[in-house]
Amino acid sequence: MAERVEVSDLTSHLGYWLRYVSNHVSHAFARKLAGHGVTVAEWAVLRELYDVQTIAPNRVADRMGMTRGAISKLADRLAGKRLVERQADATDGRAQTLALTPHGRGIVPKLAALADENDAEFFAHLAPEDRERIGHVLRDIVERRGLAAIPVD
């Protein structure tokens, strides 16, 4: 008979609890966004575009830590929803830029309010100093690990 080797329990790992909470937070937010016909990945692109007038797709990809192909597909989907438009680059007619449409610009604050609401549903019960400490610890992990891609799935 093979000797039984002791292995750690799933719940003994901090990563388990991070993923557990993250999945529930993300899925709740995805459901809220779905009511507006937007995915989490699309929301992230819309929010990136909100602070700029126009931007090249490759700059969006770099800023979000995503591939140019992924941004192109997201931009196509958002253009199909009339939230983003492609424009000829003013300095290079062969290149394109992305910009929010008036409808896209109008929906971002509503979606941001949903993000705030979702955050409050999960974390408002925490004392402000606990929220600040958790945020600090998570940002420290991101920095130490060199994590760059915006989480969208």
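A brief report on the enclosed structure follows.

Brief notes about the packing of aromatic side chains
Each aromatic ring pair is described using two quantities: the centre-to-centre distance and the angle formed by the ring planes. Evaluated as defined, the whole model comprises 5 aromatic pairs. Relative to Phe123, the ring of Phe122 lies with its centre 6.3 Å away and its plane at 45 degrees, an arrangement referred to as tilted. Residue Phe123 is classed as partly exposed on the basis of its relative accessible area, which comes to 23%. Each residue in the set Tyr16, Trp17 and Tyr20 is aromatic and connected to the rest through ring pairs, giving one cluster. For Arg105, the ring lying beneath its charged end belongs to Tyr50, and the centroid distance is 5.1 Å.

Quick look at the nonpolar core
Formed by 28 residues in total, the largest nonpolar core has its most connected members in Leu46, Leu49, Ile71 and Leu111. Listing elements by their share of this core, those giving two or more residues are α1 (14–34), α2 (40–50), α3 (57–64), α4 (68–80), β2 (96–100) and α5 (102–123). Per element, the largest residue contribution to this core is 6 residues, and it comes from α2. Setting aside its immediate chain neighbours within four residues, Leu49 contacts Ile55, Val60, Val84, Leu98, Leu100 and Arg105.

Description of the pattern of salt bridges
Going through the model one piece at a time under the given rule, you end up with 10 salt bridges. Note that Glu6 and Arg4 form a salt bridge whose closest N and O atoms lie 3.8 Å from each other. Residue Glu42 pairs with Arg77 through a salt bridge whose shortest N-O separation is 2.8 Å. One end of the pair, Glu42, is in helix α2; the other, Arg77, is in helix α4, with 35 residues separating them in the sequence. Members of the salt-bridge network, linked through shared partners, are Glu42, Arg77 and Lys81.

Observations concerning unusual backbone geometry
Most of the time, phi is negative for any residue but glycine, and the peptide bond is trans. Residue Arg82 is not a glycine yet carries a positive backbone phi of 60 degrees. With respect to the helices and strands, Arg82 occurs in the loop between α4 and β1 (84–88). On the basis of relative accessibility, which here comes to 63%, the residue Arg82 falls in the exposed class.

Cut-off values and rules
Residues numbered from 1 in each chain as written. Predicted model: local features only at pLDDT ≥ 70, side-chain atom pairs only at ≥ 80, totals over all residues. Heavy atoms only, no water. Phe/Tyr/Trp six-rings, centres within 6.5 Å; stacked < 30°, edge-to-face > 60°. Buried < 20%, exposed > 50% of the residue type's maximum accessible area, 1.4 Å probe, protein only. Lys NZ or Arg CZ within 6 Å of the ring centre and 35° of its normal. Core = buried A, V, L, I, M, F, W, Y, C linked by side-chain atoms within 4.5 Å. Helix = DSSP H or I, 4+ residues; strand = E, 2+ residues; numbered from the N terminus. Contact = heavy atoms within 4.5 Å. Salt bridge = Lys/Arg side-chain N within 4 Å of Asp/Glu carboxyl O.

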